[in-house]
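Fold and geometry: a report
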Amino acid sequence: MNARSAVETPGAAWLMGVAAWAVPGLGHLLQRRWLRGCLLGGAVWIMFLLGLSLGGHLFGVSSKDQGLSALLQLLPMIANLGSGLLYVFCWLTNTGFVEKAQLVTSEYGDKFLLVAGLLNYLAMLDAFDIAAGRKK
């Protein structure tokens, strides 16, 4: 298969992917996939909010992190960023970025926040593939 025979991805698919990233579940809801949108979006929202309530820590790279310390913060930050505007809202309000290591449940909260972002990446790709016609 050469480059000329490659199928173009419709612009609507990119829009669905961005919508699915920004608001968990929105990409599917815009395509009238009500059950899938509610299940995937609801799971991401619940895990994110539960992670914060358990004292979870959102990762971010700051100016004080240098060298290997910044690199170690980058991968979990990318996972957290998968939660879309939930992460951006927390970043703007400085919610969840303070470590609460004294809480027994804080590590569970960290994992819930990481998995919420990673699951939303998968939901985003699913909404993109449906809109592109690669999946039903």
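So, here is what we can say about the structure in this document. (Residues numbered from 1 in each chain as written. Predicted model: local features only at pLDDT ≥ 70, side-chain atom pairs only at ≥ 80, totals over all residues. Heavy atoms only, no water.)

1. Quick look at the pattern of salt bridges
- Under the counting rule described, the total for this entry stands at 3 salt bridges.
- Between arginine 134 and aspartate 129 there is a salt bridge, with the nearest N and O atoms lying 3.4 Å from each other.
- A residue is classified by how much of its surface remains accessible, and arginine 134, at 52% relative accessible area, is exposed.
- The exposure class assigned to aspartate 129 is partly exposed, which follows from its relative accessible area of 25%.
- Members of the salt-bridge network, linked through shared partners, are Arg36, Asp126 and Lys135. (Salt bridge = Lys/Arg side-chain N within 4 Å of Asp/Glu carboxyl O. Buried < 20%, exposed > 50% of the residue type's maximum accessible area, 1.4 Å probe, protein only.)

2. Some points on the packing of aromatic side chains
- On inspection of all chains with the given rule, the structure shows 2 aromatic pairs.
- With 5.6 Å between their ring centres and 70° between their planes, tyrosine 87 and phenylalanine 97 make a pair best called edge-to-face. Placement of tyrosine 87 in helix H5 (residues 85–93) and of phenylalanine 97 in the loop between H5 and helix H6 (106–132) is noted, with a sequence separation of 10 residues between them. Each member of the pair, tyrosine 87 as well as phenylalanine 97, carries the same accessibility label: buried. (Phe/Tyr/Trp six-rings, centres within 6.5 Å; stacked < 30°, edge-to-face > 60°. Helix = DSSP H or I, 4+ residues; strand = E, 2+ residues; numbered from the N terminus.)

3. Considerations on the side chain of histidine 28
- Following the sequence through the fold, histidine 28 ends up in helix H2 (residues 26–30).
- You can call histidine 28 buried: its relative accessible area is 1%.
- Contact partners of histidine 28, with chain neighbours within four places excluded, come to Arg33, Arg36, Gly37, Leu40, Ala123, Asp126, Ala127 and Ile130. (Contact = heavy atoms within 4.5 Å.)

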